[in-house]
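# Chains, contacts and geometry: an overview
Here's the letter readout for the chains.
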Amino acid sequence: MPGVPPSRFAYLGPAGTFTEAALLRLPAAARGTRVPVRSVPEALDAVRAGDVDAALVPLENSVEGSVPVTLDALVAGDPLIITAEVVLPVTFVLAAAGAGPIHRIASHPHALAQTRRYLRDHHPDATTVEVLSTAAAAASVAAGEADACVCAPLAAAHNGLRVLAEDVGDNPEAATRFALVSRPGPAAPPSGNDVTSLVVYIAHDEVGALLSVLTELATRGVNLTRIESRPTGERLGRYAFYLDCTGHVAEAPMGEALMGLRRVCAEVRFLGSYPRDTDEPPVPPPPALGSRAFADAAGWLRALRGTT
Ligand SMILES: O=C(O)C(=O)Cc1ccccc1
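Structural notes, computed from the coordinates. This one's a predicted model, so the numbers in the text were calculated from it and none came from an experiment. All residue numbers refer to positions counted from 1 along the written sequence of the respective chain. Two thresholds apply to this predicted model, a pLDDT of at least 70 for residue-level local features and 80 or more for giving and counting side-chain atom pairs, whereas whole-chain, interface and lining totals are computed over all residues. No hydrogens and no water enter the side-chain calculation; it runs on all heavy atoms of the structure.

### Structural notes on the nonpolar core
- The term nonpolar core refers to a set of buried residues drawn from Ala, Val, Leu, Ile, Met, Phe, Trp, Tyr and Cys, joined through side-chain atoms within 4.5 Å. Throughout, exposure labels follow a simple rule: accessible area from a 1.4 Å probe, protein chains only, divided by the maximum for the residue type, with under 20% read as buried, over 50% as exposed, and the rest as partly exposed. Counting residues in each nonpolar core, the largest one holds 31 residues, and the members touching the most others are L23, L26, L56, L94, I105 and L180.
- Look past the residues within four positions of I105 in its chain and what remains in contact with it is L94, L112, L119, H123, A126, T127, T128, V129, A148, C149 and V150.
- With 26 residues, the next largest nonpolar core counts L44, A55, V195 and Y201 among its residues. The criterion used for residue contact is that any of the two residues' heavy atoms lie within 4.5 Å.

### A short note on the packing of helix α9 (residues 209-218) against helix α10 (residues 252-264)
- Throughout, an axis means a line fitted to C-alpha atoms (over the contacting stretch in the case of helices), and angles, computed between N-to-C directions, take values from 0 to 180 degrees. A helix here means a DSSP run of H or I that spans at least four residues, while a strand means a run of E at least two residues long, and both kinds are numbered starting from the N terminus. Running from N to C, α9 and α10 cross one another at 160°; their axes reach a closest spacing of 8 Å. Classified by the angle their axes make, α9 and α10 are roughly antiparallel. For the element pair α9 and α10, the recorded crossing hand is right-handed. The segment α9 lies against α10, with S212, V213, E216 and L217 engaging A257, G260, L261 and V264.
- Amino acids are sorted into nonpolar (Ala, Val, Leu, Ile, Met, Phe, Trp, Tyr, Cys and Pro), charged (Asp, Glu, Lys and Arg) and polar (every other residue, Gly among them). Across the contact of α9 with α10, the residue classes tally to five nonpolar, two polar and one charged. By the definition adopted for this analysis, an angle is roughly parallel if under 35 degrees, roughly antiparallel if over 145, roughly perpendicular if from 65 to 115, and oblique otherwise. For a crossing to be left-handed, the near helix must be turned anticlockwise from the far one by less than a right angle; the clockwise case is right-handed.

### Observations regarding the layout of surface pockets
- Both site types are read off a 1 Å grid over the protein atoms alone. A 1.4 Å probe that fits but cannot get out defines a cavity, while an open set with protein on both sides within 12 Å along at least five of seven lines defines a pocket; lining residues have an atom within 4 Å of a point. Grid points are joined across faces, edges and corners, and a volume is the space filled by probe spheres set on the points. Looking at the largest pocket, its volume works out to about 420 Å³.
- Contributing elements (two or more residues each) for the lining of the largest pocket: β3 (54-61), β5 (81-89), β11 (175-182), β13 (224-231) and β14 (239-246).
- Of the residues that constitute the lining of the largest pocket, the class distribution is six nonpolar, seven polar and eight charged.
- Start and end positions for the domains come from either an automated domain assignment or a database one. Shared between two domains, the lining of the largest pocket holds at least three residues of each, these being domain 1 (1-90 + 173-186) and domain 3 (187-308).
- Its boundaries defined by the atoms lining it, the second largest pocket holds a volume of some 350 Å³.
- In terms of lining, the second largest pocket is formed by 21 residues, of which the most central are T246, G247, E251, P285 and S291.
- At the level of secondary structure, the elements contributing two or more residues to the lining of the second largest pocket comprise α10 and α11 (291-305).
- Considering each element in turn, the lining of the second largest pocket owes the most residues, three residues, to α10.
- Split by residue class, the lining of the second largest pocket holds 10 nonpolar, eight polar and three charged.

Structure follows, in structure tokens:
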């Protein structure tokens, strides 16, 4: 991260959430002060207000896709940028205080969504209760407000609960992608395997407006890894498109694609360039669109203009 490293980090609390586990994977956060908050909008507002330097928020999970509350809270208000991502494999347990009957099972909506099949097969008559986080669910079981919860093994231990069943997730490969969000500042230099996140607003009365957005990316060899639409809230039928693209704002292909998007879109909001949290290499562009081809073309143009 550029400039003074962040030292105060907001996360969805209380202690023992998956968001806290993801935050602890970032060395600066493991050394810094971690501030639990109750919701994603609260975490991002704390960044905007300057109460914390950064907040870690869930961006998408492998079962349900994007987290709408995060997408909406990222653009509603003063600009924010993503400076890092953390991809955390998630393992859920079913935990209870004792061995009594299970009528009410509490958890965070993402955890309930990712254990739906297990809960239906093993507790078909139980009611699920959505609470603010999996760790809050564990605390509610300890307080006698629910009979069981779906949470991380650590949250069960923190709250003195018995683990009734391990690995209750419907998908053993389940993972959640979190974003570290800060106030705007210069991006860290390219790592060689970066993502750039954008929100684009297109002209709704133009045929092919979304195709022009995709064309601006494809003709620069920029790979699109995620596209999500969200209503802008203005009126029915008005959507913003959230894009994740391979590459970094400081690199020529992304720079040219951004200039192209600026020309064809009603508005482009830059949400940051940051390293991917993966061992997988980026999808290589075709040779005519690699960095060498961009550098060669830029050198050729400089020579034509006599500016070398
Ligand atoms: O409630 C939590 O522990 C969270 O951090 C949110 C969440 C819930 C389920 C999967 C990933 C993140």
